[in-house]
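Fold and contact review
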Amino acid sequence: MNRILVCSLIIVLFHLVGLYGFLSPALEDLFIKLVPFHLLLMLLLMVLTVNDRSADLIKFVIGIYLAGFFIELIGVNTGLIFGNYTYGTALGIKLWATPLLIGVNWLILVYCTGVFLHQFNLKSRLLFSALGAGILLGIDFLIEPVAIRFDYWSWLGGIIPVQNYLGWYIFSFFLFLFFSGLNFRKENTAAIVLLFTQFCFFLALNIWAF
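Figured I'd write up the structure that's included with this text. (Residues numbered from 1 in each chain as written. Predicted model: local features only at pLDDT ≥ 70, side-chain atom pairs only at ≥ 80, totals over all residues. Heavy atoms only, no water.)

**Comments concerning the overall build of the protein chain**
Of the regular secondary structure elements, the protein chain holds eight helices and four strands. In sequence order, the protein chain lays out its α and β elements as α-α-α-α-β-β-β-α-α-β-α-α. Taking 210 residues into account, the globule formula puts the C-alpha radius of gyration at 17 Å, and the protein chain, at 17 Å, falls close to it. Expressed along its principal axes, the backbone C-alpha trace of the protein chain runs to roughly 45 × 45 × 30 Å. Within the span of the protein chain, comprising 210 residues, buried residues form 49% of the whole. Entry remark: accessible area of the protein chain is about 10,300 Å², with carbon and sulfur atoms responsible for 73%. Counting 10 positive and 9 negative side-chain charges, the protein chain places the averaged centre of each group 10 Å from the other. (Helix = DSSP H or I, 4+ residues; strand = E, 2+ residues; numbered from the N terminus. Rg over C-alpha atoms; globule rule 2.2 N^0.38 Å. Buried < 20%, exposed > 50% of the residue type's maximum accessible area, 1.4 Å probe, protein only. Areas by Shrake-Rupley, 256 points an atom, 1.4 Å probe, with all protein chains shown as cover. Lys, Arg positive; Asp, Glu negative; His and termini not counted. Charge placed at Lys NZ, Arg CZ, Asp CG, Glu CD.)

The structure is reproduced here in C-alpha coordinates:
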(Lines give C-alpha, C1' and ligand atoms only; values in the text may rest on other atoms or scores of the structure.)
Protein backbone atom coordinates (compact mmCIF):
# COMPACT_ATOMS: atom_id res chain seq x y z
CA MET A 1 0.00 0.00 0.00
CA ASN A 2 1.37 3.44 -0.89
CA ARG A 3 1.66 6.39 1.45
CA ILE A 4 -1.28 8.33 -0.04
CA LEU A 5 -3.61 5.36 0.34
CA VAL A 6 -2.50 4.63 3.90
CA CYS A 7 -2.92 8.26 4.96
CA SER A 8 -6.32 8.44 3.25
CA LEU A 9 -7.51 5.36 5.11
CA ILE A 10 -6.30 6.83 8.40
CA ILE A 11 -8.21 10.05 7.65
CA VAL A 12 -11.46 8.20 7.04
CA LEU A 13 -10.97 5.83 9.99
CA PHE A 14 -10.25 8.59 12.52
CA HIS A 15 -13.25 10.63 11.40
CA LEU A 16 -15.52 7.59 11.68
CA VAL A 17 -14.20 6.91 15.18
CA GLY A 18 -14.60 10.59 16.03
CA LEU A 19 -18.18 10.57 14.76
CA TYR A 20 -18.97 7.59 16.96
CA GLY A 21 -17.36 9.29 19.95
CA PHE A 22 -19.18 12.60 19.53
CA LEU A 23 -22.50 10.81 19.14
CA SER A 24 -21.97 8.65 22.24
CA PRO A 25 -22.95 10.48 25.46
CA ALA A 26 -20.55 8.37 27.52
CA LEU A 27 -17.60 9.25 25.25
CA GLU A 28 -18.43 12.84 24.32
CA ASP A 29 -16.26 14.57 26.94
CA LEU A 30 -13.26 12.38 26.10
CA PHE A 31 -13.52 13.05 22.38
CA ILE A 32 -13.83 16.79 22.91
CA LYS A 33 -10.50 16.64 24.78
CA LEU A 34 -8.98 14.74 21.83
CA VAL A 35 -9.86 17.45 19.26
CA PRO A 36 -6.42 19.18 19.39
CA PHE A 37 -4.64 15.85 18.84
CA HIS A 38 -6.95 15.04 15.94
CA LEU A 39 -6.15 18.37 14.26
CA LEU A 40 -2.42 17.79 14.71
CA LEU A 41 -2.74 14.29 13.28
CA MET A 42 -4.51 15.62 10.17
CA LEU A 43 -1.75 18.21 9.78
CA LEU A 44 0.89 15.47 10.06
CA LEU A 45 -0.88 13.39 7.39
CA MET A 46 -0.85 16.38 5.05
CA VAL A 47 2.86 16.89 5.71
CA LEU A 48 3.51 13.22 4.91
CA THR A 49 1.59 13.37 1.62
CA VAL A 50 2.42 16.83 0.24
CA ASN A 51 5.57 15.64 -1.60
CA ASP A 52 7.04 19.15 -1.79
CA ARG A 53 9.55 21.07 0.29
CA SER A 54 9.80 24.23 -1.82
CA ALA A 55 10.21 27.76 -0.49
CA ASP A 56 6.73 28.65 -1.78
CA LEU A 57 5.18 25.82 0.23
CA ILE A 58 6.91 27.08 3.36
CA LYS A 59 5.61 30.59 2.59
CA PHE A 60 2.12 29.16 2.22
CA VAL A 61 2.20 27.22 5.49
CA ILE A 62 3.62 30.07 7.55
CA GLY A 63 1.50 32.73 5.82
CA ILE A 64 -1.83 30.92 6.20
CA TYR A 65 -1.15 29.84 9.78
CA LEU A 66 -0.21 33.35 10.89
CA ALA A 67 -3.04 34.99 8.94
CA GLY A 68 -5.57 32.53 10.37
CA PHE A 69 -4.33 32.92 13.93
CA PHE A 70 -4.12 36.72 13.90
CA ILE A 71 -7.48 37.28 12.16
CA GLU A 72 -9.05 35.15 14.91
CA LEU A 73 -7.06 36.96 17.60
CA ILE A 74 -8.35 40.30 16.34
CA GLY A 75 -11.83 38.90 15.83
CA VAL A 76 -12.27 37.34 19.25
CA ASN A 77 -10.79 40.32 21.11
CA THR A 78 -12.63 43.08 19.22
CA GLY A 79 -15.75 41.60 17.61
CA LEU A 80 -14.90 43.58 14.48
CA ILE A 81 -14.25 40.73 12.03
CA PHE A 82 -16.72 37.91 12.61
CA GLY A 83 -18.90 39.28 15.39
CA ASN A 84 -18.82 38.72 19.14
CA TYR A 85 -17.67 35.23 20.07
CA THR A 86 -15.46 33.45 22.58
CA TYR A 87 -13.50 30.22 22.36
CA GLY A 88 -14.25 27.27 24.62
CA THR A 89 -11.85 24.54 25.68
CA ALA A 90 -12.10 22.10 22.76
CA LEU A 91 -9.32 23.62 20.64
CA GLY A 92 -6.74 23.54 23.40
CA ILE A 93 -4.14 26.05 24.59
CA LYS A 94 -4.94 29.74 24.00
CA LEU A 95 -2.87 32.87 23.58
CA TRP A 96 -4.80 36.12 24.17
CA ALA A 97 -8.07 34.15 24.24
CA THR A 98 -7.25 32.58 20.84
CA PRO A 99 -6.41 28.86 20.41
CA LEU A 100 -2.97 28.32 18.92
CA LEU A 101 -4.46 25.54 16.81
CA ILE A 102 -7.00 27.76 15.06
CA GLY A 103 -4.32 28.70 12.53
CA VAL A 104 -3.81 24.98 11.85
CA ASN A 105 -7.53 24.65 11.17
CA TRP A 106 -7.40 27.48 8.60
CA LEU A 107 -4.27 25.95 7.06
CA ILE A 108 -5.86 22.52 6.60
CA LEU A 109 -9.09 23.93 5.18
CA VAL A 110 -7.39 26.25 2.69
CA TYR A 111 -4.84 23.65 1.60
CA CYS A 112 -7.38 20.86 1.05
CA THR A 113 -9.86 23.13 -0.73
CA GLY A 114 -7.13 24.69 -2.86
CA VAL A 115 -5.80 21.28 -3.91
CA PHE A 116 -9.34 20.17 -4.82
CA LEU A 117 -9.95 23.24 -7.00
CA HIS A 118 -6.48 23.08 -8.58
CA GLN A 119 -7.41 19.92 -10.48
CA PHE A 120 -9.96 21.88 -12.54
CA ASN A 121 -7.22 24.09 -14.06
CA LEU A 122 -9.12 27.34 -13.61
CA LYS A 123 -7.37 30.13 -15.48
CA SER A 124 -8.68 33.03 -13.43
CA ARG A 125 -7.22 33.53 -9.96
CA LEU A 126 -10.26 35.62 -9.04
CA LEU A 127 -12.65 32.81 -10.03
CA PHE A 128 -10.47 30.28 -8.20
CA SER A 129 -10.52 32.42 -5.05
CA ALA A 130 -14.26 33.10 -5.26
CA LEU A 131 -15.02 29.38 -5.58
CA GLY A 132 -12.60 28.47 -2.80
CA ALA A 133 -14.14 31.03 -0.46
CA GLY A 134 -17.59 29.69 -1.37
CA ILE A 135 -16.58 26.15 -0.45
CA LEU A 136 -15.14 27.30 2.87
CA LEU A 137 -18.30 29.28 3.55
CA GLY A 138 -20.37 26.15 2.95
CA ILE A 139 -18.17 24.20 5.35
CA ASP A 140 -18.52 26.95 7.95
CA PHE A 141 -22.32 26.63 7.77
CA LEU A 142 -21.85 23.00 8.80
CA ILE A 143 -19.14 23.69 11.40
CA GLU A 144 -20.95 26.46 13.32
CA PRO A 145 -23.72 24.39 14.98
CA VAL A 146 -21.23 21.62 15.81
CA ALA A 147 -18.71 24.10 17.22
CA ILE A 148 -21.33 25.61 19.52
CA ARG A 149 -22.65 22.20 20.60
CA PHE A 150 -19.20 20.80 21.47
CA ASP A 151 -17.59 23.89 23.02
CA TYR A 152 -15.27 24.92 20.19
CA TRP A 153 -16.64 28.46 20.47
CA SER A 154 -19.85 30.32 21.35
CA TRP A 155 -21.61 33.47 20.17
CA LEU A 156 -22.93 36.38 22.18
CA GLY A 157 -26.62 35.77 22.74
CA GLY A 158 -26.37 32.36 21.08
CA ILE A 159 -26.96 33.89 17.64
CA ILE A 160 -24.52 33.49 14.73
CA PRO A 161 -24.37 36.90 13.02
CA VAL A 162 -24.41 37.40 9.25
CA GLN A 163 -21.15 39.29 9.82
CA ASN A 164 -19.47 35.96 10.58
CA TYR A 165 -20.29 34.52 7.17
CA LEU A 166 -19.32 37.71 5.35
CA GLY A 167 -16.05 37.77 7.27
CA TRP A 168 -15.34 34.12 6.45
CA TYR A 169 -15.98 34.65 2.76
CA ILE A 170 -13.92 37.82 2.37
CA PHE A 171 -11.00 36.56 4.44
CA SER A 172 -11.03 33.18 2.67
CA PHE A 173 -11.06 34.91 -0.73
CA PHE A 174 -7.74 36.61 0.05
CA LEU A 175 -6.26 33.38 1.43
CA PHE A 176 -7.03 31.64 -1.86
CA LEU A 177 -5.53 34.52 -3.82
CA PHE A 178 -2.37 33.89 -1.81
CA PHE A 179 -2.59 30.12 -2.46
CA SER A 180 -3.07 30.54 -6.21
CA GLY A 181 -0.14 32.93 -6.54
CA LEU A 182 2.41 30.50 -5.11
CA ASN A 183 4.25 27.85 -7.09
CA PHE A 184 4.31 24.58 -5.15
CA ARG A 185 2.99 21.09 -5.83
CA LYS A 186 -0.80 21.21 -5.58
CA GLU A 187 -1.67 17.59 -6.32
CA ASN A 188 -2.52 15.54 -3.23
CA THR A 189 -5.28 12.93 -3.27
CA ALA A 190 -5.16 12.59 0.52
CA ALA A 191 -5.99 16.29 0.87
CA ILE A 192 -9.09 15.84 -1.29
CA VAL A 193 -10.07 12.82 0.81
CA LEU A 194 -9.67 14.94 3.96
CA LEU A 195 -11.81 17.75 2.51
CA PHE A 196 -14.71 15.46 1.65
CA THR A 197 -14.34 13.44 4.86
CA GLN A 198 -14.56 16.61 6.94
CA PHE A 199 -17.61 17.71 4.97
CA CYS A 200 -19.33 14.36 5.62
CA PHE A 201 -18.25 14.40 9.28
CA PHE A 202 -19.80 17.80 10.02
CA LEU A 203 -22.87 17.05 7.91
CA ALA A 204 -23.45 13.82 9.87
CA LEU A 205 -23.08 15.65 13.19
CA ASN A 206 -25.59 18.29 12.03
CA ILE A 207 -28.06 15.51 11.25
CA TRP A 208 -27.60 13.28 14.28
CA ALA A 209 -26.18 15.38 17.13
CA PHE A 210 -29.15 17.74 17.58
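**A word on a nonpolar patch on the surface**
A contiguous nonpolar surface patch, about 490 Å² in accessible area, is contributed by Leu23, Phe199, Leu203, Ile207 and Trp208. The exposure class assigned to Leu203 is partly exposed, which follows from its relative accessible area of 34%. (Patch = residues over 30% accessible without salt bridge, like charges linked within 9 Å, V, L, I, M, F, W, Y side chains within 5 Å. Salt bridge = Lys/Arg side-chain N within 4 Å of Asp/Glu carboxyl O.)

**Let's talk about the packing of helix α4 (residues 55-78) against helix α7 (residues 162-180)**
It is the contact of α4 with α7, at a shortest axis distance of 11 Å, that shows an interaxial angle of 170°. Here α7 runs roughly antiparallel to α4, going by the angle between their axes. Our pair here, α4 against α7, has a crossing hand that is right-handed. Across the interface between the two elements, Lys59, Phe60, Gly63, Ile64, Ala67, Gly68 and Ile71 from α4 touch Phe171, Leu175, Phe178 and Phe179 from α7. (Axes fitted to C-alpha atoms, helices over the stretch in contact; angles between N-to-C directions. Parallel < 35°, antiparallel > 145°, perpendicular 65-115°, else oblique. Left-handed = near helix turned anticlockwise from the far one by under 90°. Contact = heavy atoms within 4.5 Å.)

**A closer look at the environment of Leu40**
Mapped onto the elements of the fold, Leu40 is located in helix α3 (residues 35-49). In this structure, the C-alpha to C-alpha distance between Leu40 and Phe150, residues 110 residues apart in sequence, is 18 Å.

**Points about the environment of Pro25**
Its location among the elements puts Pro25 in the loop between α1 (3-22) and α2 (28-33). Measuring from C-alpha to C-alpha, the distance between Pro25 and Leu194 comes to 26 Å, with 169 residues separating the pair along the chain.

**Some thoughts on the environment of Gly181**
Within the element layout of this structure, Gly181 appears in the loop between α7 and α8 (189-208). Note on Gly181: relative accessible area 48%, which makes it partly exposed. It is 27 Å that separates the C-alpha atoms of Gly181 and Thr197, two residues lying 16 residues apart in sequence.

**Considerations on the packing of α1 against α3**
For the pair α1 and α3, interaxial distance at closest approach is 10 Å and the crossing angle is 165°. Compared by their axis directions, α1 and α3 come out roughly antiparallel. The interaxial crossing formed by α1 with α3 has left-handed handedness. Contacts between α1 and α3 involve Arg3, Ile4, Cys7, Ile10, Ile11, Phe14, His15 and Phe22 from the first element and Val35, His38, Leu41, Met42, Leu45, Met46, Leu48 and Thr49 from the second.

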